Amino acid sequence: MDFCPAGSTDLSEAEKAEIETIRKHRQELLEDIKKLKEQIAEVFAEIECFQNGDERQEADNNPGNQTSKLSQRDKLLSLGRKKFNMDPAKGIQYLIEHQVLSSDLQEIAKFLHKGEGLNKAAIGDYLGGRDPTNIQILQAFVACHEFAHLNLVQALRQFLWSFRLPGEAQKIDRMMEAFASWYCKCNPGVFQSTDTCYILSFSIIMLNTSLHNPNVKDKPPFERFVSINRGIDNGGDLPEELLKNLFESIKNEPFSIPEDDGNDLTHTFFNPNREGWLLKLGGRVKTWKRRWFILTDNCLYYFEYTTDKEPLGIIPLENLSVRKVDDPKKPNCFELFIPNCKGQKIKACKTDGDGKVVEGKHQSYKISAATPAERDEWIEAIRMSITQDPFYDLVSARKKKIASKN
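Residues numbered from 1 in each chain as written. Predicted model: local features only at pLDDT ≥ 70, side-chain atom pairs only at ≥ 80, totals over all residues. Heavy atoms only, no water.

### Thoughts on the overall build of the chain
Each helix and strand in the chain was counted, giving 14 helices and nine strands. A total of 406 residues make up the chain; the buried ones form 42% of that total. The contacts in the chain between residues at least 6 apart in sequence include a share of 59% that link residues at least 24 apart. Counting only carbon and sulfur atoms, one obtains 50% of the accessible surface of the chain, whose full area is about 22,900 Å². (Helix = DSSP H or I, 4+ residues; strand = E, 2+ residues; numbered from the N terminus. Buried < 20%, exposed > 50% of the residue type's maximum accessible area, 1.4 Å probe, protein only. Contact = heavy atoms within 4.5 Å. Areas by Shrake-Rupley, 256 points an atom, 1.4 Å probe, with all protein chains shown as cover.)

See below:
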């Protein structure tokens, strides 16, 4: 059932108040359902442990039966990996409590570096944590990599294959700082400071995107790469031959980004930037339909129900803009559109009535929120997702740091 937004001008004050009450009750119910799901998941985990109890007891009573012990450990390890992929901190805690892992930070780092059955995004999220323990594990994780006698591109290929960079700027900063420090320690004399290595690493990652992203039409030449990196080596320039080798390496072979081991679409929507109910205007048939929207990974997904595992449609936000708009039928509207490209269809996809994935037919997407505050919050979140490339901000801050020293 679709609820009209509480701010609709077609409703009386009493109707508005009633709808607002219903909306609040519905939100409370959704939160209760979410809590119940979490409790059910915990019960299933406990049941699995109980079912394994007999085997555990048998293993304790028969110390010589190594097969039984290994079987039990494998089951606990499997369950711990699943927990890690949904909540990394809880997964590590579970593995320690069940003595699959010790609390030794080096052992935890090696477990993450090995990465068997672990979601690469979950590894990145955990390593990027600001807790002192996470930072120590991050440093131990980085030290698992052999960077000696590798050029910077080769080291980055190895490093970026072992996890997926999170989207939060502060997490990226901590991870790349740890990488730069370890690379310089493994290769003394290559750069004058870790700041140089840090900035050049980001330049290489951005170069990889610019050269190999099909949506980037203006491919940067080598001269631009040199220009971007002028003065980053404690005020001096890096050798052009070094930059040429790095540039050609990326040009000839892009970075390989690891696929998640837990190929479950639900991982994409775990811990999104924003989610909630909105009204969406149809593309071909101009009717408003209530959809559950999730904003994550620079895409806007929409579902018919919150419990659906696969979206009805996906709107990639790259090259789009967002703005407030007025609509005679719905309040609190905003619009996704392609700037300076009137008449061009947005590159999006949806499922049709037969369940087939088809190309979207929207030149713009008009969406209505329940209140002006929600509309503004969605606009801000989408705008951040569209424009937020933390690499540029991080590099800019580090360049200012070098300039201030000189």
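Back to the write-up after that little detour.
### As for the packing of aromatic side chains
Taken as a whole and assessed by the stated rule, the structure comprises 13 aromatic pairs. Note on F141 and F163: the rings are 6.1 Å apart at their centroids and 75° apart in plane angle, and the pair reads as edge-to-face. With F141 in helix α7 (residues 132-142) and F163 in the loop between α8 (152-161) and α9 (169-186), the pair connects residues that are 22 residues apart, well separated along the chain. Take F163: its relative accessible area is 1%, and that puts it in the buried class. Centre to centre, the rings of Y183 and F191 are 6.1 Å apart; their planes meet at 40°, and the pair counts as tilted. The two residues Y183 and F191 agree in class, both being buried. Among the aromatic residues, those joined into a ring-pair cluster are F141, F147, F159, F163, F179, Y183 and F191. Taking NZ or CZ as reference, R323 lies 3.7 Å from the ring centre of F337, over its face. (Phe/Tyr/Trp six-rings, centres within 6.5 Å; stacked < 30°, edge-to-face > 60°. Lys NZ or Arg CZ within 6 Å of the ring centre and 35° of its normal.)

### Things to note about the packing of helix α4 (residues 88-97) against helix α5 (residues 105-114)
Contact geometry of α4 with α5 gives a least axis separation of 12 Å together with a crossing angle of 120°. Considering their axes alone, α4 and α5 lie oblique with respect to each other. Seen from above, α4 lies across α5 with right-handed handedness. Facing α4, whose interface residues are I92, L95 and I96, α5 presents I108, F111 and L112. (Axes fitted to C-alpha atoms, helices over the stretch in contact; angles between N-to-C directions. Parallel < 35°, antiparallel > 145°, perpendicular 65-115°, else oblique. Left-handed = near helix turned anticlockwise from the far one by under 90°.)

### So, the state of the cysteines
For the structure shown, the criterion picks out zero disulfides. Not engaged in a disulfide, the cysteine C186 finds its nearest cysteine sulfur in C184; these two sulfurs lie 9.4 Å apart. (Disulfide = S-S within 2.5 Å.)

### A closer look at the pattern of salt bridges
In this structure the tally under the stated criterion is 13 salt bridges. Residue D125 is joined to K171 by a salt bridge in which the shortest nitrogen-to-oxygen separation is 2.4 Å. Within this pair, whereas D125 is found in helix α6 (residues 120-127), its partner K171 is found in helix α9, the two being separated by 46 residues in sequence. The exposure class assigned to K171 is buried, which follows from its relative accessible area of 13%. Here E177 ties to R398 by a salt bridge, and the two come within 2.8 Å at their closest N and O atoms. A residue pair is termed long-range when its members are at least 10 positions apart, and E177 in helix α9 and R398 in helix α14 (residues 390-405) qualify at 221 residues. Judged by relative accessible area, E177 falls into the partly exposed class, the value being 25%. You can call R398 buried: its relative accessible area is 9%. One salt-bridge network, in which partners are shared between bridges, spans D173, E177, D195 and R398. (Salt bridge = Lys/Arg side-chain N within 4 Å of Asp/Glu carboxyl O.)

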